[in-house]
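Here is how the chains run, residue by residue.
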Number of protein chains: 2
Amino acid sequence: MGGGRITIEDVAAAAGVSRQTVTRAMNGMPEISRRTRELVLRTAAELGYRPSRFASNLAARRKTRSIGLVLGSLRNPYYTELAAELLDVVAPRGWHVLMASHEQGDGVELVAALSGQADAIVGYLPGDEAALVAAARGAPLVQMETPATVPGMHAVVLDFDSAIEALLDELRHRGARRFGLIEFAGPPASAGTGRYRPTHRRRAYERFAGPDSAAAVVVAEESIRGGADGLVRLRAAHPEVDTVLVFNDLMAMGAMQQAQLDGIAVPDDLRVVGVDGLSLGAVMTPPLSTLSIDRHALAAEAADIVGTLLDGAEPPPHPSIVRTVTPRPLWRRSA
Amino acid sequence: MGGGRITIEDVAAAAGVSRQTVTRAMNGMPEISRRTRELVLRTAAELGYRPSRFASNLAARRKTRSIGLVLGSLRNPYYTELAAELLDVVAPRGWHVLMASHEQGDGVELVAALSGQADAIVGYLPGDEAALVAAARGAPLVQMETPATVPGMHAVVLDFDSAIEALLDELRHRGARRFGLIEFAGPPASAGTGRYRPTHRRRAYERFAGPDSAAAVVVAEESIRGGADGLVRLRAAHPEVDTVLVFNDLMAMGAMQQAQLDGIAVPDDLRVVGVDGLSLGAVMTPPLSTLSIDRHALAAEAADIVGTLLDGAEPPPHPSIVRTVTPRPLWRRSA
DNA sequence: AGCGTCGCCGTGAACGTTCACGGACCTCGG
DNA sequence: CCGAGGTCCGTGAACGTTCACGGCGACGCT
């Protein structure tokens, strides 16, 4: 007694019964009389007894898994739709999902915080891979979009090279002459450090958009406003651009709105293409064309990797597991 | 050996050291030589050892709290922005957030599933309140939007009565003559049961929109398509309606898109007002007017209730805790 | 009366980890 | 040569719950 937490023994003592009887009452087990159950429940409520989920899960040898999901932002529907897909995939197996976003800390911090609560961590994990693996304390890590290079880290990569090449080809067919790119500035945690690193999307763009297009790139923050702002800067520096590829749909929506404000006709004066494939893009005027990422496939592959890692044979496969998902163009009217 | 899980003792035996040394190696503690640490880490990796987070948290007497969040859908930005706010509020305190949505089961199922992993459960909890409390196994429940009526359940309610009254008044000022409502059909789990229950929003609407408006209500599902579909049905049955209130912004966006498709000018021929206050509504053409719900306040109040309940005095307050948040009109151009 | 059955309840022994303590060994100064 | 101090490592004892088992009345049947 005295000390800190109020345990099952305290309740048992107060109710004049044994541990096991308290357990039976709390968990709705059959071998208990209606009378004592209510007595126990009542005194438990009075004492404010709340069973320790750690002790409970440990003793019951429960197999319930929970997986941590690290996303860029919960204010970008792309990420949350991805979360929705993951939930759909894992919920039937009885797994839980813990969320975290880059807005709460850098990758290593998030992984460290999550590692105590989750059996595996998946998602967008920025930062040094070795440090991430160390912070995970043995929990499998599944990187989304970025390839994995160290043991203990696995990945579902996105094949932007082929997707963007095809996209740009088709855009040329449709009359595009000068491309521009509104690029992502990087996660907030890296903002202060001044450490911008070109994304996979940018590298693919620069490779396939033609030699003169490589310069027509502006870096903007990941938001509607960021997209709008990016378009203003891009047009100021490169008025000749007639087709702009935007890092993601959210930013593309901001760019489209800005174009409308500035009296630029989309797609006649300016073609706009986003990346992600948000269904919300379809309600814009004009509807937003986009390079659609199959979020269901992404989530399903990640969940599958986690499954094989956690429930598989005792020695986990040493080489990293890598799956690939290829984005596909979704032509609406903005391009 | 043999049995099931591979424990810390297995690693200790394989590495020829003791439990404690393995712990030290895994947790990066200082009192261990570089040599043995690497040895332990290596054999741990080879054996595929993954510490039990339950045992670990129990033994370490960790206070880490995690709270379960039940939402209607992760595909509706309203809910995910609410989640984002909650994350922002609780992450600094070191709390975690587990997500679940109505798409995965009914309220009682979700609460039961979450109760093993979370210390408290907040959000949109449909279903019988007594059953919910029982399923929570002593974990505090905080209902959002709906008032709480049984002990063990608390709430942050939304004052739609005053908000909708003020909204409708202002709309009349702006020329509205005949109101219509596109109403929410209820969570998917209740869909099969045919148990539609009027929402708080509908009741407030019927009370303040005038006697003839009470009939101009259509029930639709919670999605962009549902909103579009709802508008078609509403106009077919009530062509005289010149102002439509939509259950939420997502559905309102669908309704606006449908209006555009049908050649109805917004706001000249038809005023459209949503509920939620999504920032995405601002990128529509015309920008969507809405009854904005302060998601930050909602999340902060809920977190605060959980905090006082969990960390407060041993005997929790017997009467339910109730807080109130009042939605406010956000006038953009659609009305 | 004797015996099996049923309903209800209590007692050791896990579950797998960390904490507090102590001990072995080495180094170094007096 | 002895003791102080440091580095590294191992051993009981928690942590709070559930599981397996057993006990003890009451009841019904032969």
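In this text, all values refer to a predicted model and were calculated from it rather than measured experimentally. (Residues numbered from 1 in each chain as written. Chains lettered and ligands numbered in written order. Predicted model: local features only at pLDDT ≥ 70, side-chain atom pairs only at ≥ 80, totals over all residues. Heavy atoms only, no water.)

**Here we look at the protein's contact with DNA strand D**
Part 1 of the argument: Taken together, the neighbourhood of DNA strand D is formed by 28 residues, with Ile8, Thr23 and Ala59 of chain A together with Arg19 and Thr21 of chain B sitting nearest.
Part 2 of the argument: For DNA strand D, the backbone makes up 57% of the atoms found within 4 Å of the protein, where backbone means sugar plus phosphate.
Part 3 of the argument: Interatomic distance of 3.1 Å between a side-chain N/O atom of Gln20 of chain A and a base nitrogen of DNA strand D.
Part 4 of the argument: Note that a phosphate oxygen of DNA strand D is positioned 2.9 Å from one of the side-chain N or O atoms of Asn27 of chain A.
Part 5 of the argument: Looking at the surface near DNA strand D residue by residue, the class counts come to 11 nonpolar, 11 polar and 6 charged. (Near = heavy atom within 4 Å. Polar contact = N/O pair within 3.5 Å; in protein donor to acceptor, adjacent residues only side chain to side chain. Nonpolar A, V, L, I, M, F, W, Y, C, P; charged D, E, K, R; others polar.)

**Some details on the sheet that holds strand β12 (residues 328–330) of chain B**
Hydrogen bonds along the backbone pair up the strands of a sheet, which may run parallel or antiparallel.
Residues and elements named next belong to chain B.
Part 1 of the argument: Pairing is mixed across the open sheet formed by 6 strands, whose spatial order is β7-β6-β8-β9-β10-β12. A strand with exactly one partner marks an edge of an open sheet, and here the two such strands are β7 (217–220) and β12. Averaged over neighbouring strand pairs, the angle between their axes works out to 20° when direction is ignored.
Part 2 of the argument: Where strand β6 (residues 179–184) meets β7, 4 bridges bridge the pair, whose relative direction is parallel. When the sheet's bridge partners are listed, Leu181 is paired in β7 with Val217. (Pairing = 2+ DSSP bridges. Helix = DSSP H or I, 4+ residues; strand = E, 2+ residues; numbered from the N terminus. Axes fitted to C-alpha atoms, helices over the stretch in contact; angles between N-to-C directions.)

**Overview of the packing of helix α1 (residues 8–15) of chain B against helix α3 (residues 34–47) of chain B**
Residues and elements named next belong to chain B.
Part 1 of the argument: Their axes nearest at 9 Å, the elements α1 and α3 cross at an angle of 120°. Relative to α3, the element α1 lies oblique. The handedness of the crossing between α1 and α3 is right-handed. Side by side, α1 and α3 meet where Asp10, Val11, Ala14 and Ala15 of the first sit next to Leu39, Val40, Thr43, Ala44 and Leu47 of the second.
Part 2 of the argument: Residue composition of the contact of α1 with α3, by class: 7 nonpolar, 1 polar and 1 charged. (Parallel < 35°, antiparallel > 145°, perpendicular 65-115°, else oblique. Left-handed = near helix turned anticlockwise from the far one by under 90°. Contact = heavy atoms within 4.5 Å.)

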